[in-house]
Amino acid sequence: MNPSTPGISSDERYSRQVLFPGIGRKGQELLAGARVAIVGVGAIGAATASLLARAGIGRLILIDRDIVEPSNLQRQVLFDEADAAASMPKAEAARARIAQFNSEIEVEAHTADLVPANICELLADADLLLDCADNFETRYLVNDYAVQQGKPWIYAGAIGAKAATMNILPRLEDSGLSSDDCNPAWAPTGCLACLFPGAPSGAVETCDTAGILGPAVNLAASLQAAEALKLLTGQAGLMRRTFLSFDLWTGERAAISNAAPDPDCAVCGSRTFRHLAGKSRPHITLCGRNSVQIHEHQRPLSLTALLHQLQLHPEIEELRANPLLLRFRRGPHQVTVFPDGRALIQGTTDAGVARSIYARFIGS
Ligand SMILES: [Zn+2]
């Protein structure tokens, strides 16, 4: 009996999961000793964190740069109206909610933008990285770090009615690490860059421009959490070796194999970590008294297409465009976007806030 939770024993709490032959008592013990980092505690991150916290993962490390907003409540399962009213940081709100249903596990909350300068510190203790980010920049950064360090990671994303996920099991021998009893060696898979060498260019559809259904979020989170349970109980051999996407509206399902690394891959083949070195990131500067400039010069945008994406958005005001720039206001921020991808965000001096706005409304 845990003294902090009178009346609830661990045996009772996890009894139905222990009954499942794939977990059992030994698997439950392994989960109690596991350390998992969740990068992005928005829709998928909150659902995955809820599943893994209830499953008894011993330590969760939650990282998110955003605050809870009213438009999150439709799908982000760990947050409520009071969190939105108080503009609670998502990582902290998630930690507080998890403590209400499983106070036996340890949860660390970091309100931070995951960047090359802090990734080693924030993810050092994690055995497994779960990507629940809302942008490709962070995903490629996680891919670089995971391949370099020999840490497994699981991609999950959702947009509209579509969910997508992929397991990335890097080579251990290149990282200088070896497997231990809890984590028998796995046959390496292809990494994110093996299948998709670069992030999409131009304006990318995001949940803020294309919308999203709660069921797609929960499907992506369920697939991700189930694969995590296999890995953390020493059953990496059972993990899926494809990039899987599923459209809940049409029922279409697609799978692309990532069963083996591509020897020509720049990341896991040549071990060139451009994102980790910060070479693929746009330069960000403070300019004026209250604005941030994102010097993204390699994402030529169609301002007409972006205007079309943004014009139905209920929170966007004063939207206008000419051949030289597109400008809009959202809450306290005025955003000006140029055809080469550069953007000026007025109303903040916080680079993380500016990057979040860019990722949500332009895509990154
Ligand atoms: Zn690769």
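Conventions used here
- Residues numbered from 1 in each chain as written.
- Predicted model: local features only at pLDDT ≥ 70, side-chain atom pairs only at ≥ 80, totals over all residues.
- Heavy atoms only, no water.
- Helix = DSSP H or I, 4+ residues; strand = E, 2+ residues; numbered from the N terminus.
- Contact = heavy atoms within 4.5 Å.
- Domains from an automatic or database assignment.
- Buried area = accessible area lost by both parts, 1.4 Å probe.
- Salt bridge = Lys/Arg side-chain N within 4 Å of Asp/Glu carboxyl O.
- Polar contact = N/O pair within 3.5 Å; in protein donor to acceptor, adjacent residues only side chain to side chain.
- Nonpolar A, V, L, I, M, F, W, Y, C, P; charged D, E, K, R; others polar.
- Axes fitted to C-alpha atoms, helices over the stretch in contact; angles between N-to-C directions.
- Parallel < 35°, antiparallel > 145°, perpendicular 65-115°, else oblique.
- Left-handed = near helix turned anticlockwise from the far one by under 90°.
- Pairing = 2+ DSSP bridges.
- Expected span 1.5 Å × (residues − 1).
- Donors = N, O, S within 2.8 Å, 3.2 Å for Na, K, Ca; no water.
- Tetrahedral: all angles 85-135°; square planar, octahedral: opposite > 155°, others 65-115°.
- Buried < 20%, exposed > 50% of the residue type's maximum accessible area, 1.4 Å probe, protein only.

### Things to note about the environment of Gly-56
Along the chain, Gly-56 falls in the loop between α4 (43-55) and β2 (59-64). When the C-alpha atoms of Gly-56 and Ile-105 are compared, they prove to be 6.7 Å apart, with 49 residues separating the residues in sequence. For Gly-56, the residues in contact, after removing those within four places along its chain, are Tyr-14, Gln-28, Leu-31, Ala-32, Asn-102 and Ile-105.

### Re the domain arrangement of the protein chain
Along its sequence, the protein chain is organised into domain 1 (10-257) and domain 2 (290-361). Each of domain 1 and domain 2 has a C-alpha centre, and the two are 29 Å apart. Domain 1 puts 18 residues into the contact, and the matching count from domain 2 is 15 residues. Buried area between domain 1 and domain 2, summed over both chains or domains, comes out near 1,500 Å², and the portion from carbon and sulfur atoms is 38%. At the surface where domain 1 touches domain 2, the tally comes to four salt bridges. Ionic pairing is found between Glu-69 and Arg-360, a salt bridge with its closest N-O pair at 3.2 Å. There are seven residue pairs in polar contact (both at pLDDT 80 or more) connecting domain 1 and domain 2. A breakdown of the residues in the side of domain 1 that touches domain 2 according to their chemical character gives five nonpolar, five polar and eight charged.

### Details of the packing of α4 against helix α11 (residues 214-232)
Running from amino to carboxyl end, α4 crosses α11 at an angle of 40°, the nearest separation of the two axes being 8 Å. Viewed along their axes, α4 and α11 adopt a mutual orientation that is oblique. The way α4 lies across α11 gives a crossing that is right-handed. Residues Ala-43, Ile-44, Ala-47, Thr-48, Leu-51, Leu-52 and Ala-55 of α4 touch α11, and the partners they reach there are Val-217, Asn-218, Ala-220, Ala-221, Ser-222, Gln-224, Ala-225, Ala-228 and Leu-229. Each residue belonging to the contact of α4 with α11 can be placed in one class, and the counts come to twelve nonpolar, four polar and no charged.

### Things to note about the sheet that holds strand β10 (residues 291-295)
By way of backbone hydrogen bonds, the strands of a sheet pair with one another, either parallel or antiparallel. An order of β9-β10-β14-β13-β12-β11 is seen for the six strands of this open sheet, with the pairing classed as antiparallel. The sheet terminates laterally at β9 (283-287) and β11 (317-321), the two strands that pair on one side only. Taking the axes of each pair of neighbouring strands and ignoring which way they run, one obtains an average angle of 15° across the sheet. Bridging between strand β13 (residues 333-337) and strand β14 (residues 343-346) involves four bridges; their strand directions are antiparallel. Note on β14: the bridge partner recorded for Thr-336 is Leu-344. Packing of helix α13 (residues 351-361) onto the sheet brings it into contact with β9, β10, β12 (326-330), β13 and β14, and relative to β10 it is tilted by some 55°.

### Regarding α11
Between the first and last C-alpha of α11 there are 27 Å, a value that for 19 residues agrees with the 27 Å anticipated at 1.5 Å per step. Those residues of α11 that are buried lie in contact with α3 (24-32), β1 (35-39), α4, β4 (128-131), β5 (153-159) and β6 (162-168). Remark: Gly-234 follows α11 within two positions and exhibits a positive phi of approximately 75°.

### Looking at the coordination of the zinc ion
The protein atoms that coordinate the zinc ion are Cys-191 (SG), Cys-194 (SG), Cys-265 (SG) and Cys-268 (SG), at distances spanning 2.3 Å. Around the zinc ion, the four donor atoms are arranged such that angles at the metal cover 93 to 122°; this shape is classified as tetrahedral. Going along the chain, you hit the donors of the zinc ion in the pattern C-x2-C-x70-C-x2-C. A residue pair is termed long-range when its members are at least 10 positions apart, and Cys-194 in helix α9 (residues 192-195) and Cys-265 in the loop between β8 (253-257) and β9 qualify at 71 residues. For Cys-194, a relative accessible area of 13% puts it in the buried group. For Cys-265, a relative accessible area of 3% corresponds to the buried category.

### Topic: the sheet that holds strand β7 (residues 242-247)
If you trace the eight strands from one edge of the open sheet to the other, you get β3-β2-β1-β4-β5-β6-β7-β8, paired in mixed fashion. Sheet topology places β3 (106-111) and β8 at the edges, where each strand pairs with a single neighbour. Going from strand to strand, the sheet's axes swing by 15° on average, the running direction of each strand aside. Alignment of β7 against β8, held across five bridges, turns out to be antiparallel. Its bridge partner lying in β8, Ser-245 is registered against Ala-254. The sheet contacts of helix α8 (residues 136-149) involve β1, β4, β5 and β6, and relative to β5 the element is tilted by about 170°.

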